[in-house]
Amino acid sequence: MKLRICTLIFSLVLSGCQNNSKVSEEKPTQTTVERVQTTSSPKQTGEALDSPSSEKPLLVITSNALQIVSRPSGSTTELPTGMEMGELSKIVANVLNTEIPEPQVNSECGAGAMTMLIWGNGLNLMFQKGQGSESDKMLFVGWSLGEFNNEGNLTTMAGIGVGSKRSELEAAYTIEVKKTTLGYEFSTGPEGLYGILKGPSPDDKIEFMWSGLSCNFR
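For every chain, the first residue of the written sequence is number 1, and numbering continues from 1 onward in sequence order. A pLDDT threshold of at least 70 governs which residues receive local features in this predicted model, and a stricter bar of 80 or more applies before side-chain atom pairs are shown or counted, although totals over entire chains, interfaces and linings include all residues. Excluded from the side-chain calculations are hydrogens and water; all other atoms, namely the structure's heavy atoms, are used.

Undergrad: Sorry, what's going on with the sheet that holds strand E1 (residues 58–62) here?
TA: Two strands in a sheet stick together by hydrogen bonds in their backbones, pointing the same way (parallel) or opposite ways (antiparallel). Here, a strand pair is defined by DSSP locating no fewer than two bridges between the strands. Strands are runs of DSSP state E lasting at least two residues, helices are runs of H or I lasting at least four, and both sets are numbered from the N terminus onward. One open sheet holds the 3 strands; their spatial order is E1-E2-E3, and the pairing between them is antiparallel. The strands lining the two open edges of the sheet, one partner per strand, are E1 and strand E3 (76–80). The mean inter-strand angle of the sheet, taken between neighbouring strand axes irrespective of direction, is 25°. Of the strand pairs in this sheet, E1 and strand E2 (residues 65–69) are connected by 5 bridges, and their pairing is antiparallel. For Leu-59, the partnering residue across the bridge sits in E2 and is Ile-68. Lines fitted to the C-alpha atoms define the axes, with helices restricted to the stretch that makes contact. Angles between their N-to-C directions range from 0 to 180 degrees.

Undergrad: I tried to follow the sheet that holds strand E8 (residues 176–180) on my own but got confused; where do I start?
TA: Overall, antiparallel pairing links the 8 strands, which are arranged E4-E5-E6-E7-E11-E10-E9-E8 in an open sheet. Of all the strands in the sheet, the pair left with one neighbour each is strand E4 (104–106) and E8. Neighbour-to-neighbour, the strand axes of this sheet turn through a mean angle of 30°, independent of strand direction. Of the pairings in the sheet, the one linking strand E10 (residues 194–197) to strand E11 (residues 206–212) comprises 4 bridges and is antiparallel in character. Each bridged residue has a counterpart across the sheet, and for Gly-195 the counterpart in E11 is Met-209.

Undergrad: I'm lost on the pattern of salt bridges in this one. Help?
TA: Salt bridge, as used here: a side-chain nitrogen of Lys or Arg that lies within 4 Å of a carboxyl oxygen of Asp or Glu. Here the structure, examined in full by the defined rule, presents 1 salt bridge. The salt bridge involving Arg-166 is made with Glu-170; its shortest N-O contact spans 3.2 Å. One end of the pair is Arg-166 and the other is Glu-170, both in helix H4 (residues 166–172) and 4 residues apart, which spans about a single turn. You can call Glu-170 partly exposed: its relative accessible area is 40%. Burial here depends on accessible area, computed with a 1.4 Å probe over protein chains only, as a share of the maximum for the residue type. Under 20% is buried, over 50% is exposed, and the range in between is partly exposed.

Undergrad: Explain the packing of aromatic side chains here, please?
TA: Ring geometry is summarised as follows: Phe, Tyr and Trp rings, the Trp one being its six-membered ring, pair when their centres sit within 6.5 Å, and such pairs are stacked at plane angles under 30 degrees, edge-to-face over 60 and tilted between the two. Across all of its chains, the model carries 3 aromatic pairs by this definition. Centre to centre, the rings of Tyr-194 and Trp-210 are 6.0 Å apart; their planes meet at 15°, and the pair counts as stacked. Placement of the pair is Tyr-194 in strand E10 and Trp-210 in strand E11, with a sequence separation of 16 residues. By relative accessible area, which is 31% here, Tyr-194 ends up partly exposed.

Undergrad: Just checking my understanding: could you explain the pairing of strand E7 (residues 138–145) for this structure?
TA: Two faces, one strand: in a regular strand the side chains alternate between the faces of the sheet. Across the 8 residues that make up E7, a large majority, 8, are buried. Pairing of strand E6 (residues 123–129) with E7, which is carried by 7 bridges, proceeds in the antiparallel orientation. If you follow Leu-125 over to E7, its bridge partner there is Trp-143. Where E7 lies against E11, 4 bridges are found, and the strand directions are antiparallel. The partner of Trp-143 across the bridge, within E11, is Ser-211.

Pasting the structure below:
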């Protein structure tokens, strides 16, 4: 009788130990799942709920305009010359996810005084006072693209930008190159893109680009 009681007690103790062991093994697994869910939550990380980084719109350069390319659809929205500075600057700042730079005025441009917004990716947007009923507005008249920092570079829809080789430029556009006081200057004809190559060889790269009114000193 005593033997049976001892056996029963031992079985109950052993069963209790096994149950406690299972609980202690399951707790870390539950904690790990909760932690992963918290870490990946957009609300916790500050990521946009409806715009993953891989699908954010792109800003590209084009003749006398900029374009916004929506992803993944690839649809484009043109930002043409003539847009008001306040409207255009807000759109560009939103796409680039940056603050609007402080306006700078250059009164010595050949095309007349220009107000410029110079962004960290090398993009310079140029504005002039409108005419007639729009004389109180600063209107978009052109862009230029120079050296860029770690914020990245801009290109055309064909992938051409500062740093592209002449061979890549010629594969995308029909160009004319001539030596001027600015250097090896190229133009794309009807496309209305202009720029400076570092040299005449196929491997020489684009150093500077622009379209629309410019503030180049020859």
